[in-house]
Amino acid sequence: MIDSILAALPGDFPWQNQIHWFDTIDSTNTRAKAMARQGAPHGTILIADRQTGGRGRLGRSFHSPAGMGIYMSVLLRPQCPPEALMHLTCAAAVAMCDAVEEVTGIRPGIKWINDLVIGHRKLAGILTELTLGSHSEHVDAAVVGIGINCCQAVSDFPPEIRDMACSLEMALGSPIDRAALAGAMIRHLYRMGNALPQRDQILTRYRRDCVTLGQEISIAQPGLVRHGTALDVDGNGALLVRLPDGQEEAVNSGEVSIRGMYGYL
């Protein structure tokens, strides 16, 4: 698999000697953070065929069976304050939409803030994690993890998510070349890393892909569930919501559900 992935990259690709393949791993993000502490360089890429402890936002697990998906993390060394990376998840989502579209011709939508969707079903998830330097307020390491469902049929998903999840093969009705997709993901992550200072342009593209905007939503936060209408994404990637009393609020955390998607009625 790793040879096929490398073949999908240009011969002079800057990160090609920093790509690590694992048949099985607990979590590419967990391992990438450990490698960051050990001094791994900017552009280190981890790809797994299977994860035993794949993670998503809010402590959720990410189903990561062998031979079915691409489970990848990239380690970045941005050397900037954390507030300069508030849009990192948005940037990664746009980059992964670009990669999927390049390989399959299908452009997913983005459910705020970190899910790629096709129709009303989840295709992929993104988890970004930042680590500050021990003697600095700057980010020492930013790890972006992506899991994309590639080859599953409906019956391959656990029963509890069968009505909510999809794969590229389900959407295409034909096999998907995982190595070609992994190569495209790596190339678009490299471009994303170079383009991060262009926050306005990234967020403009994110808004175009974001299926949450204009929808009735629920916002679940500790001890509280509220409802409203998603209006926009602000300059930091927060979701601007109009509440029933007419007030508008920027939502940075919590679980946002869209009416009619993922079983929210």
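Residue numbering note: each chain is counted from 1, following its sequence as written. Restriction of local features to residues with pLDDT of at least 70 applies here, the model being predicted, together with a cutoff of 80 or more for giving and counting side-chain atom pairs; totals for whole chains, interfaces and linings are based on all residues. As a rule here, side-chain values cover all heavy atoms of the structure and leave hydrogens and water aside.

**Re the packing of helix H3 (residues 88–104) against helix H5 (residues 178–195)**
This is how the line gets drawn: Convention adopted: a line fitted to C-alpha atoms gives each axis, helices being fitted over their contacting stretch, and angles between N-to-C directions are expressed from 0 to 180 degrees. Strands here mean DSSP runs of E at least two residues long; helices mean DSSP runs of H or I at least four residues long; both are numbered from the N terminus. Oblique is the label for every angle not falling under 35 degrees (roughly parallel), over 145 degrees (roughly antiparallel), or within 65 to 115 degrees (roughly perpendicular). Here a crossing is taken to be left-handed if its near helix is turned anticlockwise relative to the far helix by less than a right angle, and right-handed if that turn runs clockwise. The contact definition used throughout considers only heavy atoms, calling two residues in contact when any of these lie within 4.5 Å. Asp, Glu, Lys and Arg are counted as charged, while Ala, Val, Leu, Ile, Met, Phe, Trp, Tyr, Cys and Pro are counted as nonpolar; the rest, among them Gly, fall into the polar class.
Orientation of H3 relative to H5, taken along the N-to-C sense of each, is 140 degrees, at an axis distance of 8 Å. In this view, H3 runs oblique relative to H5, as classed from their interaxial angle. The chirality of how H3 crosses H5 is right-handed. In contact with Leu-88, Ala-91, Ala-92, Ala-95, Met-96, Asp-98, Ala-99, Val-100, Glu-102 and Val-103 of H3, H5 contributes Ala-180, Leu-181, Ala-184, Met-185, Arg-187, His-188, Leu-189 and Met-192. A per-class count over the contact of H3 with H5 returns 14 nonpolar, 1 polar and 3 charged.

**Overview of the sheet that holds strand S10 (residues 239–242)**
Going by this rule: We call two strands paired when DSSP finds no fewer than two bridges between them.
With respect to topology, 5 strands assemble into an open sheet ordered S11-S10-S9-S8-S12, the strand pairing being antiparallel. With partners counted over all chains shown, the strands left at the sheet margins are strand S11 (248–251) and strand S12 (255–258), one partner each. Averaged over all pairs of adjacent strands, the angle between their axes in this sheet comes to 45 degrees, without regard to strand direction. Pairing of strand S8 (residues 216–221) with strand S9 (residues 224–233), which is carried by 6 bridges, proceeds in the antiparallel orientation. Paired with Ala-220 across the two strands is Val-225, which belongs to S9.

**Brief notes about the nonpolar core**
The test is simple: In this description, a nonpolar core means a group of buried Ala, Val, Leu, Ile, Met, Phe, Trp, Tyr and Cys residues linked to one another through side-chain atoms lying within 4.5 Å. Burial classes follow relative accessibility: with a 1.4 Å probe on protein chains only, a residue under 20% of its type's maximum area counts as buried, one over 50% as exposed, and anything between as partly exposed.
With 69 residues, the main nonpolar core has Ile-148 and Tyr-206 as its most contacted residues. The greatest single-element share of this core, amounting to 11 residues, is contributed by H3. Apart from residues no more than four positions distant in its own chain, Tyr-206 is found in contact with Cys-90, Ala-93, Val-94, Ile-110, Trp-112, Ile-113 and Val-233. Within the second largest apolar cluster, 11 residues are counted, among which are Ala-40, Leu-46, Leu-75 and Val-143.

**Quick word on the pattern of salt bridges**
Definition in use: Salt bridge criterion: a side-chain nitrogen from Lys or Arg within 4 Å of a carboxyl oxygen from Asp or Glu.
What the rule picks out here adds up to 13 salt bridges. For Glu-101, the salt bridge is made with Arg-107, and the minimal N-O distance between the two is 2.8 Å. By relative accessible area, which is 33% here, Glu-101 ends up partly exposed. Linked through salt bridges whose partners overlap, the residues forming this network are Asp-98, Glu-101, Arg-107, Arg-205 and Asp-209.

**Thoughts on the packing of aromatic side chains**
Note the cut-off: Stacked, edge-to-face and tilted labels apply to pairs of Phe, Tyr and Trp rings (six-membered ring for Trp) whose centres lie within 6.5 Å, assigned for plane angles under 30 degrees, over 60, and everything in between, in that order.
Scanning all chains against the criterion turns up 4 aromatic pairs. For the pair Phe-13 and Tyr-190, a centre-to-centre distance of 5.4 Å together with 65 degrees between the ring planes defines the contact as edge-to-face. Taken together, the residues Phe-13 in the loop between helix H1 (2–7) and strand S1 (19–22) and Tyr-190 in helix H5 connect sequence positions 177 residues apart. When its relative accessible area of 6% is taken as the criterion, Phe-13 is described as buried.

**Thoughts on the sheet that holds strand S4 (residues 109–111)**
With mixed pairing, the 7 strands of this open sheet are ordered in space as S1-S2-S3-S7-S6-S5-S4. Whereas interior strands pair on both sides, the edge strands pair on one side only; in this sheet they are S1 and S4. Along the sheet, successive strands turn relative to each other by an average axial angle of 20 degrees, direction set aside. Those strands touched by H5 are S1, strand S2 (44–48), strand S3 (69–76) and strand S7 (139–149), and its axis lies near 25 degrees from that of S3.

**Details of the packing of H3 against helix H6 (residues 199–209)**
Relative to each other, H3 and H6 sit at 65 degrees, their axes nearing to 9 Å. For the element pair H3 and H6, the recorded crossing hand is left-handed. Here H3 contributes Cys-90, Ala-91, Ala-93, Val-94, Cys-97 and Asp-98 to the contact with H6, which in turn contributes Ile-202, Leu-203, Arg-205, Tyr-206 and Asp-209. Here the residues of the contact of H3 with H6 sort into 8 nonpolar, no polar and 3 charged.

**Observations concerning the side chain of Gln-51**
Heads up, the condition is: N or O atoms closer than or at 3.5 Å make up a polar contact, with two conditions inside protein: a donor-capable atom paired with an acceptor-capable one, and, for residues adjacent in sequence, both atoms drawn from side chains.
Structurally, Gln-51 is set in the loop between S2 and S3. Classification of Gln-51 as buried rests on a relative accessible area of 11%. Reaching out from Gln-51, the side chain makes a polar contact with the backbone nitrogen of Thr-28 at a distance of 2.9 Å. Side chain to side chain, Gln-51 and Ser-64 meet in a polar contact 3.0 Å long. When neighbours within four sequence positions are excluded, Gln-51 is seen to be in contact with Ile-25, Asp-26, Ser-27, Thr-28, Ser-64 and Tyr-71.

**Considering the side chain of Arg-199**
What counts here: His is not counted, nor are the chain ends, whereas Lys and Arg count as positive and Asp and Glu as negative.
Tracing the chain through its elements places Arg-199 in helix H6. Although buried, Arg-199 forms no salt bridge, and the nearest oppositely charged side chain, Asp-200, lies 6.2 Å from it. Looking at Arg-199, its side chain comes within polar contact range of the main-chain oxygen of Gly-235, at 3.2 Å. If we ignore the near neighbours within four places in the chain, the residues touching Arg-199 are Glu-83, Ala-84, Leu-85, Met-86, His-87, Gly-235 and Asn-236.

Spatial relationships are all this shows, so hold off on functional conclusions.
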